Amino acid sequence: MYLSNADRWSLLCKKQIDVLDKLSMHFPERKEHLSELTQGWRHVQHQVQAGDRPMPLELSK
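The structure displayed is predicted, hence computed values, not measured ones. (Residues numbered from 1 in each chain as written. Predicted model: local features only at pLDDT ≥ 70, side-chain atom pairs only at ≥ 80, totals over all residues. Heavy atoms only, no water.)

Draft legend 1. How the structure looks around the overall build of the protein. Along the protein, the regular secondary structure elements total 2 helices and 0 strands. Long-range pairs, those at least 24 residues apart, make up 55% of the contacts in the protein between residues at least 6 apart in sequence. Only carbon and sulfur atoms are counted for the fraction: they give 56% of the accessible area of the protein, which is about 4,900 Å². (Helix = DSSP H or I, 4+ residues; strand = E, 2+ residues; numbered from the N terminus. Contact = heavy atoms within 4.5 Å. Areas by Shrake-Rupley, 256 points an atom, 1.4 Å probe, with all protein chains shown as cover.)

Quick look at the structure:
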């Protein structure tokens, strides 16, 4: 099922990934946790770009 607003979803994911990457640089002690969040956003972005409905990572396992 293709999302009619998939491009916006993908852009939102990219922005979230960028913010989390910057936070990781400023707060190295949180890098591991922020990396997990970044992976989640990358997963959602991949789903949207593939034409799938976004689903949280833990539900897709």
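From this point, things continue past the structure.
Draft legend 2. Quick look at helix 2 (residues 31–49). With 19 residues, helix 2 extends 26 Å between its outermost C-alpha atoms, agreeing within 8% with the 27 Å of an ideal straight helix rising 1.5 Å per residue. Among the residues of helix 2, L34, T38, V44, Q45, Q47 and V48 are the ones counted as buried. Contacts from the buried residues of helix 2 go to helix 1 (6–26). Phi turns positive one or two residues past the end of helix 2, at G51, with a value near 90 degrees. (Expected span 1.5 Å × (residues − 1). Buried < 20%, exposed > 50% of the residue type's maximum accessible area, 1.4 Å probe, protein only.)

Draft legend 3. Structural view of the pattern of salt bridges. A full pass over the atoms with the stated rule returns 2 salt bridges. In this structure, D18 engages K14 in a salt bridge whose closest nitrogen and oxygen atoms are separated by 3.0 Å. One end of the pair is D18 and the other is K14, both in helix 1 and 4 residues apart, which spans about a single turn. The shortest N-O distance in the salt bridge between R42 and D21 comes to 4.0 Å. A residue pair is termed long-range when its members are at least 10 positions apart, and R42 in helix 2 and D21 in helix 1 qualify at 21 residues. Its relative accessible area of 39% is what places R42 among the partly exposed residues. Its relative accessible area of 34% is what places D21 among the partly exposed residues. (Salt bridge = Lys/Arg side-chain N within 4 Å of Asp/Glu carboxyl O.)

Draft legend 4. Up close: the environment of V19. Mapped onto the elements of the fold, V19 is located in helix 1. With 15 residues separating them along the chain, V19 and L34 place their C-alpha atoms 9.9 Å apart.

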